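# Understanding the architecture of this molecule
Each chain, written out:
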Amino acid sequence: MKKQLYLFCLSLFLFSCNPVRKILEGGKLKETSFVEKIPFTFDFGLPIVIVEIEGKTYNFLFDTGAPTVISPELQALLKLEPKTVGKTSDSQGNSSQQAFVKIPSMKIGNLNFENIGATVIDMKKVFEFKCMNFDGIIGANQMEKAIWQIDYRNNIITASNNISNFNIPKHTEILKFAPRKGQKTPKVMVKIGNKAMNTTFDTGATTDFSFPFETYKSEIEFLTGTEAIGSSSSGIYGTNKGPITTYKKIPKFTLDNIQIANQIVTFNEGSSAIIGNAFFKNYRLILDWKENKIYMIKEVEIKNATLETFGIGLRYINNQPTIAKIFKGTDADKSGLQIGDKIIAIDDRDVSNLTETEACNYTFNNILSGKESRNITVLREGNKRVFNLKKAIVLN
């Protein structure tokens, strides 16, 4: 299992506010007896489904780590007046005041939701999320009105009113979770060594395991690891603020009562504790808010994790590949590459004038992949410099 080098997370956490909680906890699902199958795409490492509002279809992210969200454009089109305002925080610790509205009606497949509470956020301000081109988020406050199965193997989400409508093998692993007040996001306990922390079970994150460094510092300091400087992840309000990302190979830790072995965990300063789709896709998941349980049916054997890299992580700023992260001790680090260097050529290919479509494609499909060695030309203060980078396993 290879570790992802740049992580995207749409988690949102609401600061306690009674008017906001009242809006999010309201609404209903009209159907009372149902089994509904809903296809989803997983092109960006996130499940995106089609919803229908007032006869038109839209792309929505299926995100347990957030409340229901709509874009300002959709709010204006639906002529929804704000019911209240509240403060929200993303996975990187960035926060903002947002308006909250009620969506009169929404269909997911043949399921009819009424008066669902939602927050209004411009998700296109961050380039990576603009690339995904979705109009909103189906959040945990909406999901809790049914039981949901996510089948990553077949790209099907199934909703039902009754747990007996799902095939649950005898030896299925079952997690207990605590729903976050108001938005209902599932929180499960993760324990590394003697330190335990409630962690967001987040289908809106591309990561596998990402935890706050300070919480587990004493438990991981002597474990094998590596570090990178620069930005390693993006939330809905921007990139992470911590200057250093630490990667550690954890021999053993627990997710509630499930033991996880030999995985690489990302630790950031100031970030939230999150488990995401890179781990979930090994399972068929069933989320039951009636009993506060998550059923995890393993479909892929999880291998020992490795971290392989050219030594850099990229973001696309004004469509140009720009170095956002450098791994310490790699060729990239030793050769003098710097955060903010703009790449204008890879081998003999000019990449200085990518289109937005191309930049979006490479955001989710590494532009350096396909070879074990690459020559990159960067432009720094008007001067061109060429660096040779070799792919290497930096943590095994």
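In case you missed it, the structure is sitting above this.
Each chain carries its own residue numbering, running from 1 in the written order of its sequence. In keeping with the predicted nature of the model, local features appear solely for residues at pLDDT of at least 70, side-chain atom pairs appear and are counted solely at 80 or more, and the whole-chain, interface and lining totals rest on all residues. Side-chain measures here rest on the full set of heavy atoms in the structure, leaving out hydrogens and waters.

On to the side chain of lysine 325, then. Here a helix means four or more residues in a row that DSSP labels H or I, a strand means two or more in a row labelled E, and each is numbered from the N terminus. For lysine 325, the position within the fold is in strand β29 (residues 320–327). Despite its burial, lysine 325 remains without a salt bridge, the nearest opposite charge being carried by aspartate 208 at 11 Å. Residues adjacent in sequence count toward polar contacts only when both atoms are side-chain atoms; beyond that, a polar contact is any pair of N or O atoms within 3.5 Å, and within protein one must be able to donate a hydrogen and the other to accept it. Within polar-contact distance, the side chain of lysine 325 engages the side chain of tyrosine 247 at 2.8 Å. Burial classification: accessible surface area is computed with a 1.4 Å probe over protein chains only, and a residue below 20% of its type maximum counts as buried, one above 50% as exposed, and the rest as partly exposed. His is not counted, nor are the chain ends; Lys and Arg add positive charge and Asp and Glu add negative charge. A side-chain nitrogen of Lys or Arg and a carboxyl oxygen of Asp or Glu constitute a salt bridge if their distance falls within 4 Å.

Attention now moves to the environment of leucine 287. As for its placement among the helices and strands, leucine 287 is situated in strand β25 (residues 283–288). Residue class for leucine 287 comes out buried when judged on its relative accessible area of 0%. In this analysis, two residues are considered to be in contact whenever any of their non-hydrogen atoms come within 4.5 Å of each other. Apart from the residues within four sequence positions on either side, leucine 287 is in contact with Thr64, Ala146, Ile147, Trp148, Ile150, Pro186, Phe201, Lys293 and Ile294.

Following DSSP output, two strands are said to pair if at least two bridges run between them. Strands sit in the order β4-β13-β12-β25-β26-β14 across an open sheet of six strands; the sheet is antiparallel. Unpaired on one side and paired on the other, β4 (35–39) and β14 (173–176) mark the two borders of the sheet. Each adjacent strand pair in this sheet contributes to an overall mean axis angle of 20 degrees, direction not counted. In the sheet, β14 pairs with strand β26 (residues 293–298) via four bridges, with the strands oriented antiparallel. Across the sheet, residue glutamate 173 finds its bridge partner in β26, namely methionine 296. Axis definition: a line fitted to C-alpha atoms, over the contacting stretch in the case of helices. Angles run 0 to 180 degrees between N-to-C directions.

To define a nonpolar core, start from buried Ala, Val, Leu, Ile, Met, Phe, Trp, Tyr and Cys residues and group those joined through side-chain atoms within 4.5 Å. Counting residues in hydrophobic clusters, the biggest one holds 61 residues, and the most contacted among them are Trp148, Phe211 and Met296. When residues of this core are assigned to their parent elements, the largest contribution, five residues, is made by strand β10 (residues 111–120). Once you skip the residues sitting within four places of it in the chain, methionine 296 turns out to touch Thr172, Glu173, Leu175, Phe201, Leu255, Ile258, Phe279, Tyr283, Arg284 and Leu285. Membership of the second largest hydrophobic core comes to 36 residues, among which are Ile48, Met132, Phe134 and Ile343.

Everything listed here is a matter of coordinates, which is why it stays silent on function.
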